[in-house]
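# Analysis of the macromolecular model
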Amino acid sequence: MTVEVSLPYNKEYVTQFSQGLQEPQWMKDLRLNALDKSESLPLPKPDKTNIQGWNFTEFNHHVAGETIDSLDQLPVEIKDFLDEEEEQKNLVIQRNHTLAFGTIDEKLKEQGVIFTDMATALREHGDLVEKYYMNDAVHMDEHRLTALHAALMNGGVFLYVPKNVQIEDPIQAIFWQEDPEASLINHILVVAEENSSVTYVENYISNNKEEKTSANIVAEVIAKDGAKVSFGAVDNFEKGTTVYANRRGVAYRDSVIEWALGQMNEGDTVSENITHLIGDNSHSNAKTVAIGRGDQKQNFTANITHFGKGSDGYILQHGVMKDKSSAIFNGIGKIEHGASKSNAEQESRVLMLSKDARGDANPILLIDEDDVTAGHAASVGRVDPIQLYYLMSRGISKFEAERLIIHGFLAPVVKQLPVEAVKRQLTQVIERKVY
Amino acid sequence: MAGSTLEIKDLHVEIEGQQILKGVNLTINGGEFHAVMGPNGTGKSTLASAVMGHPKYEVTKGEILLDGEDVLEMEVDERAQAGLFLAMQYPSEISGVTNSDFLRSAINAHREEGDEISLMKFIKEMDATMNTLDMDKNMAQRYLNEGFSGGEKKRNEILQLMMVQPAIAILDEIDSGLDIDALKVVAKGINEMRNSEFGCLMITHYQRLLNYITPDHVHVMMQGRVVKSGGPELAQRLEEEGYEWIKEELGIEDETVGQKA
Ligand SMILES: Nc1ncnc2c1ncn2[C@@H]1O[C@H](COP(=O)(O)OP(=O)(O)OP(=O)(O)O)[C@@H](O)[C@H]1O
Ligand SMILES: [Mg+2]
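Residues numbered from 1 in each chain as written. Chains lettered and ligands numbered in written order. Predicted model: local features only at pLDDT ≥ 70, side-chain atom pairs only at ≥ 80, totals over all residues. Heavy atoms only, no water.

The name given to chain B in an unreviewed UniProt entry is Fe-S cluster assembly ATPase SufC, with the source organism recorded as Halobacillus locisalis.

An unreviewed UniProt entry lists chain A under the name Fe-S cluster assembly protein SufD, from Halobacillus locisalis. Comment text from UniProt for chain A, heading Sequence similarities (unreviewed entry), reads "Belongs to the iron-sulfur cluster assembly SufBD family." (UniProt positions renumbered as here; feature names shortened; annotations may be inferred.)

In structure tokens form, the structure reads like this:
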């Protein structure tokens, strides 16, 4: 059964929106096709979480943001994401739905690296974007939310790294939802050509405690043969935003995709992070940390599916649950027939800080091949009293000891984030949410 | 008399409803080194854990006083701040917390707010102490005890001891699992602590440790009590003859705590 939802946005609106941005024809066609599909396709069905009544369609679709001339004009909450000591050479700041600030290292530009907001990318590199946009990783017609995404996409970045180019400095994108009712239907497309390497990190922030809106994020990461992509994120949407986040990677031969996701939203969130290990000897490491508080409901899925021989996947999910929040952590390691000598490992742990909170860790191994190795560890529990005792026996107060243990529990993602300021900012968010 | 005094009087302890300690009496003064020996399962670690306030151990009778203050009324962290320290037989592993962050928190917990140790001074002291203990520099940035070998954990306990500088320390089998070189290094560290103020109780099975750190007093535990005390020569005799002669002397058949005396 599908519940009828009529979209507040119709064909005329979408056509005009696309034309207003001077998008290529293929994009307009995709949008209209998707709009059509979005009415008939059902919502996704995340395991054990009913999202039927969640707000995915009520929002302000387009709000322009003012551009800024210098980073000094940013408010403190946004400056927090930037390293003070080291100037960020590759940076995009999106304010509501438009580019507010963008810079890229000249040397990278000369090497053919593209890093720009999606609207510009569609105008200037339309053919290149078309090759990958909702083609290899996420498909427009998977369910209502992917179709809605394709129809109404209103932000995002395109990052393209040519063959053999190794980018040392991290690439950073900040998505600043200044307007409390603005939606964010953000598309991130990262393409790393053969034997290239890149580290990308993104921050999401909004301020809407009362106002209701919705975010629909799709990130696609394509790692060609021998490429290495390290993807970091700190999601920090406020309470009023209902979030759908779909981050998906496709890894070809000998490539590596690493994810470090700090999922720190305050509102209801359904998040999937799927990596397809297509090529032989491809590798993925998917780490997520999350905190639930208040009456927040969240559902996280981390999935690594092995197609290539000798492919290696490691999933880590650590969640801290407070108050009356609930969260489901699904960890799925899937080995397809033919992916011999593959290895699928996962660890899901939930730390319960309140007796009214609910946390589930569901480790799932689906294996259709004999010659493989796989393992999982899962636990749901409270702070270990013996660990507390050990720390307190050194004079550390109970409060401080718990704090250390919780930060330690969430450290796997903090540690892996590339920019010092982003690490610090995530640590602050954790601190604020837990205490 | 200098330093602090730890008095343990008629201490009775239960764990999960089972009586383990059945009246331990022991006094440790500042400046003194005590050794507690005894066969496996006779209550040595239980004694140490009860003094520190391990959550699973319940004191059902008796007293523990530090300079006359009631230790049993104190939380675990307050006991440490009052000057007690326990090097544990099985230290916990804590993922995500670096050894160095933990040590700094421990040191600052012993200082007044606003008087925290400076980062520079801390690093200098930690480097120097790790040097004394022959510890690899990268141990500072590793997660607390995670994946440490048995010997590395023991050294790490002594590193904490030396940096925290407690008034009274209990060292529970600090020598077990150490190779002979490591034992010398650890003994050197402990001996550096030795002065007219510092009191120490070492739980050990072996004379070997006591060759390097000569105790002033030696106690033997059986059936959850101190059954015999003496000087260093007592440890010597135990090394040579084992525990049989004490059991005979006292008419003990089964020395473990499960038995009635
Ligand atoms: N959770 C428990 N439930 C019941 N008995 C316990 C529990 N924990 C410890 N004990 C018992 O208490 C007794 C004393 O243990 P303790 O650890 O104090 O011995 P010990 O003298 O330190 O021994 P060792 O030399 O082997 O370290 C042992 O018999 C042990 O089995
Ligand atoms: Mg013991």
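What follows deals with the UniProt feature "domain: ABC transporter" (unreviewed entry) in chain B. Residues annotated by UniProt as "domain: ABC transporter" (unreviewed entry) correspond here to residues 6-248 of chain B. For residues 6-248 of chain B, the helix share is 37%, the strand share is 27%, and the end-to-end C-alpha distance is 31 Å. (Helix = DSSP H or I, 4+ residues; strand = E, 2+ residues; numbered from the N terminus.)

Within the protein, the atoms that donate to the magnesium ion (ligand 2) are B:Ser45 (OG) and B:Gln89 (OE1), at distances of 2.0 to 2.3 Å. In this pair, B:Ser45 is assigned in helix α1 (residues 44-52) and B:Gln89 in the loop between β6 (84-87) and α3 (99-109), connecting sequence segments 44 residues apart. (Donors = N, O, S within 2.8 Å, 3.2 Å for Na, K, Ca; no water.)

Moving on to the UniProt feature "domain: SUF system FeS cluster assembly SufBD N-terminal" (unreviewed entry) in chain A. Residues given the UniProt feature "domain: SUF system FeS cluster assembly SufBD N-terminal" (unreviewed entry) here are residues 103-172 of chain A. In residues 103-172 of chain A, helix accounts for 40% and strand for 20%; the two terminal C-alpha atoms are 10 Å from one another.

By definition, the strands of a sheet pair up through backbone hydrogen bonds, in either a parallel or an antiparallel sense. Residue and element names in this part refer to chain A. Sheet architecture is open: 9 strands sit in the order β3-β4-β6-β8-β10-β12-β14-β16-β18, paired in mixed fashion. Whereas interior strands pair on both sides, the edge strands pair on one side only; in this sheet they are β3 (114-117) and β18 (358-367). Neighbour to neighbour, the strand axes of the sheet diverge by 5 degrees on average, direction disregarded. Strand direction decides the pairing type here: strand β10 (residues 241-251) and strand β12 (residues 269-277), joined by 9 bridges, are parallel. Along β12, the bridge assignment pairs Asn246 with Glu272. (Pairing = 2+ DSSP bridges. Axes fitted to C-alpha atoms, helices over the stretch in contact; angles between N-to-C directions.)

All right, on to the nonpolar core then. Ranked by size, the top nonpolar core spans 68 residues in total, and within it B:Leu6, B:Ile8, B:Leu11 and B:Leu47 carry the most contacts. Looking at this core, the element that brings in the most residues is helix α9 (residues 398-416) of chain A, giving 8 residues. Leaving out residues up to four positions away in the same chain, B:Leu6 has contacts with B:Leu26, B:Thr27, B:Ile28, B:Val51, B:Ile64, B:Leu65, B:Leu66, B:Leu84 and B:Ile168. (Core = buried A, V, L, I, M, F, W, Y, C linked by side-chain atoms within 4.5 Å. Buried < 20%, exposed > 50% of the residue type's maximum accessible area, 1.4 Å probe, protein only. Contact = heavy atoms within 4.5 Å.)

Let us look at the sheet that holds strand β2 (residues 18-29) of chain B. Residues and elements named next belong to chain B. Reading across from one edge, β2-β1-β4-β5 is the order of the 4 strands in this open sheet, with antiparallel pairing throughout. Both outer strands of the open sheet, β2 and β5 (69-70), are each paired with one neighbouring strand and no more. Note that strand β1 (residues 5-15) and strand β4 (residues 57-66) share 8 bridges and pair antiparallel. By the bridge assignment for β4, Glu7 is matched with Leu65. Of the strands in this sheet, β1, β2 and β4 touch α1, which is tilted by about 110 degrees from β1.

A word on the environment of B:Leu66. All names here are of chain B. Counting through the fold element by element, Leu66 comes out in strand β4. For Leu66, a relative accessible area of 3% translates into the label buried. For Leu66 and Asn29, which are 37 residues apart along the polypeptide, the C-alpha to C-alpha distance reads 9.9 Å. Excluding residues within four positions of it along the chain, Leu66 makes contact with Ser4, Thr5, Leu6, Val71, Ala82, Gly83, Leu84 and Ile168.

Our focus in this paragraph is the pairing of strand β17 (residues 343-352) of chain A. Residues and elements named next belong to chain A. Taking burial as the measure, the 10 residues of β17 include 8 buried ones, the bulk of the element. Examined bridge by bridge, strand β15 (residues 312-321) and β17 share 10 bridges and lie parallel to one another. Across the sheet, residue Leu316 finds its bridge partner in β17, namely Glu347. Here β17 pairs with strand β19 (residues 373-381) via 9 bridges, running parallel. Considered in β19, the bridge of Leu351 is made with Gly381.

All names here are of chain B. Near ligand 1 lie 15 residues; those nearest to it are Asn40, Lys44, Ser45, Thr46 and His205. Within the side chain of Lys44, a nitrogen or oxygen atom sits 2.8 Å from an oxygen atom of ligand 1. Ser45 is positioned with one of its backbone polar atoms (N or O) 2.9 Å from an oxygen atom of ligand 1. Taken by itself ligand 1 offers 650 Å² of open surface, and the protein chains cover 69% of this. Residue assignment for the shell around ligand 1 shows that the elements contributing at least two residues are β2 and α1. Taken together, the residues of the shell around ligand 1 break down into 3 nonpolar, 9 polar and 3 charged. (Near = heavy atom within 4 Å. Polar contact = N/O pair within 3.5 Å; in protein donor to acceptor, adjacent residues only side chain to side chain. Areas by Shrake-Rupley, 256 points an atom, 1.4 Å probe, with all protein chains shown as cover. Nonpolar A, V, L, I, M, F, W, Y, C, P; charged D, E, K, R; others polar.)

Once that is clear, we can look at the UniProt feature "domain: SUF system FeS cluster assembly SufBD core" (unreviewed entry) in chain A. Residues annotated by UniProt as "domain: SUF system FeS cluster assembly SufBD core" (unreviewed entry) correspond here to residues 177-409 of chain A. In residues 177-409 of chain A, helix accounts for 9% and strand for 59%; the two terminal C-alpha atoms are 29 Å from one another.

Contact with chain A, which involves 20 residues of that partner, is made by 31 residues of chain B. Interface area for chain A against chain B, summed over the two sides, is near 2,000 Å², with a carbon-plus-sulfur share of 67%. Looking at the side of chain A facing chain B, the largest losses of area belong to A:Tyr389, A:Tyr390 and A:Arg394, adding up to 42% of the total buried there. Run the count over chain A and chain B and you get 1 salt bridge. Close ionic contact of A:Arg394 with B:Glu157 constitutes a salt bridge, the shortest N to O distance being 2.6 Å. For the interface between chain A and chain B, the tally reads 8 residue pairs in polar contact (both at pLDDT 80 or more). Broken down by element, the side of chain A that touches chain B gets its largest block of residues, 8 residues, from α9(A). Here the residues of the side of chain A that touches chain B are counted per class, giving 11 nonpolar, 5 polar and 4 charged. (Buried area = accessible area lost by both parts, 1.4 Å probe. Salt bridge = Lys/Arg side-chain N within 4 Å of Asp/Glu carboxyl O.)

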